[in-house]
Amino acid sequence: MKKTLLTGDRPTGPLHLGHYVGSLKNRVLLQAQYDTYIMIADMQALTDHADKPDWIKKNVLEVVKDYLSVGIDPTCAKIFIQSQIPQLAELTMIFLNLVSVARLERNPTTKAEIQQKGYQDSVPAGFLCYPVSQAADIALFQASCVPVGDDQMPIIEVTNEIIRRFNHYYGSGCFIECEAITSSTSRLMGIDGQAKASKSLGNAIFLSDSAEVVKNKVMQMYTDPTHLKVSDPGNVEGNMVFHYLDAFHANKDEVADLKAHYQRGGLGDVTIKKILIETLNTLLSPIRERRAALTDQICLEILQSGTEKAQHTALQMMKNVHALMGISYFKS
Ligand code: ATP
Ligand code: MG
């Protein structure tokens, strides 16, 4: 029996290079080795976009196109929509009793997001609790392998705490602890250098960006504000062009040479930006081609088939949860 891999994305916009290096690459590598589930987290997107269900829905097919264009193979990965699995909401209700509000408020990822979004005293309860729904997503599919970026580490920690408490109260017949699988670039910064690349912050290069848009975004990238003349010695730390070259350039020795040259002085920002533009467009060009060949209909069919398989698994698992907790009342 294969172990299970589960991970997912919020349909809050197209996927970006952070998703690619942080999680998508690992999913493509591992998809055949594991029983793979990839979830489009539309319910989680509602936790901070409750007023925009139409917009969330519109984003869903774009995310499916991003998956298929980077090489997610629907014959081994089940791509499904969170809202169509009501058992996830049910398990979230059960899990909410297994974690304290104080524990959720201490979560550094949600804490930072609450600050970024300026919620102050008006944090939606669903937003504070989204790590609990994420715990339910992972647990219900018995995922042991969760390829994610490093912003998800505190959430994986809460997930395992909830699973341990569940197993302690009700027995360990249903849920197993999971492990986060991170990559060498588990946090790709945004082009502004201020925070991680994120759909919500408008600081990301999207997998679907045209060559022209990629060029413009790289040209705006934050480098070293003290590197005024080409001859000035420059900093590579905190310089987004080098951060992206580290993440995407195939030749590490060449990047090391460029860094040494930049630090010595004599290498201009425009030169390194041109190298990065070429590197990114080489990566993105086949992804764009595969994307162009996909129709909405194909994506919808793949999504429906993956969702039906996920529904089947979820139904079986929830029966086991009911039995373990002794909350079944009638003969079925
Ligand atoms: P939003 O701004 O709406 O939260 P996001 O860009 O943070 O969107 P998510 O859908 O929240 O994207 O994240 C999906 C997955 O991609 C998670 O596993 C997350 O850790 C990973 N990920 C997101 N951004 C990055 C990044 N900049 N670097 C590495 N991994 C990332
Ligand atoms: Mg996010």
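Our subject is the structure listed above.
Rules and cut-offs
Residues numbered from 1 in each chain as written. Chains lettered and ligands numbered in written order. Predicted model: local features only at pLDDT ≥ 70, side-chain atom pairs only at ≥ 80, totals over all residues. Heavy atoms only, no water. Pairing = 2+ DSSP bridges. Helix = DSSP H or I, 4+ residues; strand = E, 2+ residues; numbered from the N terminus. Axes fitted to C-alpha atoms, helices over the stretch in contact; angles between N-to-C directions. Patch = residues over 30% accessible without salt bridge, like charges linked within 9 Å, V, L, I, M, F, W, Y side chains within 5 Å. Areas by Shrake-Rupley, 256 points an atom, 1.4 Å probe, with all protein chains shown as cover. Salt bridge = Lys/Arg side-chain N within 4 Å of Asp/Glu carboxyl O. Near = heavy atom within 4 Å. Polar contact = N/O pair within 3.5 Å; in protein donor to acceptor, adjacent residues only side chain to side chain. Nonpolar A, V, L, I, M, F, W, Y, C, P; charged D, E, K, R; others polar.

### Notes on the sheet that holds strand β4 (residues 143-147)
Across the sheet, five strands lie side by side as β3-β2-β1-β4-β5; this open sheet has parallel pairing. Of all strands in the sheet, those with a lone pairing partner are β3 (77-81) and β5 (179-181), marking the two edges. Across the sheet, the mean angle separating the axes of adjacent strands is 30° when strand polarity is ignored. Sheet topology places strand β2 (residues 35-40) next to β3; five bridges connect them, and they run parallel.

### Considerations on a nonpolar patch on the surface
Side chains of Ile327, Tyr329 and Phe330 sit close together on the surface and give an oily, nonpolar patch of about 420 Å² of accessible area. Relative to the helices and strands, Tyr329 resides in the segment after α14 (296-325).

### A few points about the environment of Arg264
By secondary structure assignment, the location of Arg264 is in helix α12 (residues 252-264). The spatial distance from the C-alpha of Arg264 to the C-alpha of Ser231 is 8.4 Å, given a sequence separation of 33 residues.

### Concerning the site of ligand 1
Neighbouring residues of ligand 1: 20 residues in total, closest Thr12, Asp151, Lys196, Ser198 and Ser200. In the model, an oxygen atom of ligand 1 is placed 2.9 Å from a nitrogen or oxygen of the Arg10 main chain. At 2.6 Å from an oxygen atom of ligand 1 is found a side-chain nitrogen or oxygen belonging to Thr12. For ligand 1, the protein covers 95% of the area, taking 610 Å² as the surface of the free molecule. For the shell around ligand 1, the secondary structure elements donating two or more residues are β1 (4-9) and α1 (17-30). Among the residues making up the shell around ligand 1, the classes are represented as three nonpolar, 11 polar and six charged.

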